[in-house]
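# Results of the structural survey
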Amino acid sequence: DGPGLVVSNNTFEGQNAYGLYNYATNPALVQTVVAYNDFRNIALFDQLGLNGMGLAADVPLASKSGKAIETDCQNGWIHHNTVTNVGYSGINFYNTGNIVEYNYVKDVCLVKDDGGGIYTWGSSTDQATPGNNNSIIRYNFVDGVMGSTAGKVGTALSGSGIYLDNHTGGVTVQGNIIAHCSLS
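Presented here is a report on the structure given in the accompanying data block. (Residues numbered from 1 in each chain as written. Predicted model: local features only at pLDDT ≥ 70, side-chain atom pairs only at ≥ 80, totals over all residues. Heavy atoms only, no water.)

### Let's talk about the sheet that holds strand β2 (residues 11-13)
Pairing is parallel in the open sheet, where six strands are placed in the order β2-β5-β8-β11-β14-β17. Both outer strands of the open sheet, β2 and β17 (177-181), are each paired with one neighbouring strand and no more. Across the sheet, the mean angle from the axis of one strand to that of its neighbour is 5°, orientation sign disregarded. Taken together, the three bridges between strand β8 (residues 82-86) and strand β11 (residues 104-106) define a ladder with parallel strand orientation. Looking at the pairing, Thr82 lines up with Tyr104 of β11. (Pairing = 2+ DSSP bridges. Helix = DSSP H or I, 4+ residues; strand = E, 2+ residues; numbered from the N terminus. Axes fitted to C-alpha atoms, helices over the stretch in contact; angles between N-to-C directions.)

### Observations concerning the nonpolar core
Counting 26 residues, the largest nonpolar core has Phe39, Ala68, Ile69, Ile78, Val83, Ile91 and Ile118 as its most contacted members. Contributions of two or more residues to this core are made by β5 (38-42), β6 (67-72), β8, β9 (91-94) and β14 (141-145). (Core = buried A, V, L, I, M, F, W, Y, C linked by side-chain atoms within 4.5 Å. Buried < 20%, exposed > 50% of the residue type's maximum accessible area, 1.4 Å probe, protein only.)

### Remarks on the pattern of salt bridges
Applying the stated rule across the entire model yields six salt bridges. Arg40 is paired through a salt bridge with Asp38; the nearest N and O atoms lie 2.3 Å apart. The closest approach of N and O atoms between Arg138 and Glu101, which form a salt bridge, is 2.6 Å. Taken together, the residues Arg138 in strand β13 (residues 135-138) and Glu101 in strand β10 (residues 99-101) connect sequence positions 37 residues apart. On the basis of relative accessible area, Glu101 is assigned to the buried category, the value being 6%. Salt bridges here are not isolated pairs; linked through shared partners, they connect Glu13, Asp38 and Arg40. (Salt bridge = Lys/Arg side-chain N within 4 Å of Asp/Glu carboxyl O.)

### Quick look at unusual backbone geometry
Of note in this structure, Asp107 is not a glycine but carries a positive phi near 60°. For Asp107, a relative accessible area of 26% translates into the label partly exposed. A positive phi angle, close to 60°, is found at Asp114, a residue other than glycine. The residue Asp114 is located in the loop between β11 and β12 (115-120) in this model.

### Observations concerning the packing of aromatic side chains
Pairs of aromatic rings are described using the distance from one ring centre to the other and the angle between the two planes. Under the definition given, this model contains seven aromatic pairs. Seen in terms of ring centroids, Tyr18 and Tyr21 are 4.7 Å apart; in terms of plane orientation they differ by 35°. Their pairing is tilted. Judged by relative accessible area, Tyr18 falls into the buried class, the value being 10%. Between the aromatic rings of Tyr119 and Tyr163, the centroid separation amounts to 5.1 Å while the plane-to-plane angle is 80°, which identifies the pairing as edge-to-face. Of the two residues, Tyr119 is situated in strand β12 and Tyr163 in strand β15 (residues 159-164); the sequence distance between them amounts to 44 residues. (Phe/Tyr/Trp six-rings, centres within 6.5 Å; stacked < 30°, edge-to-face > 60°.)

### A short note on the side chain of Asn103
Tracing the backbone through its elements, the reader meets Asn103 in the loop between β10 and β11. Only 3.1 Å separates the side chain of Asn103 from the backbone oxygen of Ile78, close enough to count as a polar contact. (Polar contact = N/O pair within 3.5 Å; in protein donor to acceptor, adjacent residues only side chain to side chain.)

What follows is the structure, given as structure tokens:
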């Protein structure tokens, strides 16, 4: 919960739940930079334990796990990362003023469905004030977000290149290349 968290020039490989998880109890105090990292083979079937993607079933985040990058901060900057072979979503961000740019995301949502190469979520309760205002998603390359029918009812796939989920607002999306996704 302090300003200036920088995560750069690392390799994350084979984690069960998350490659990088950054949650701030006061997101306004943290301006996270995630840059020039390589995230690969995160939360895949051969890495799963008895409780799923690295977390016990009774842990509140267990249903959300399986992501390469997840940040909940204001004014963060996620750039020039490579994200490949991920069980759920590639890059997730929540909160205002974030920039996600120049990332390469390939083959995500290999285990879970209803996710995206780049994903953000506004709010489940406050429709008037989206939680991700003034954020920008630009100049990213996302390829291969088909989704997975494993562990769900039905056969329809749900994978988006860029997923602007519940009550997302005030987000600029520009200059991205999206290919081979089941929904976008």
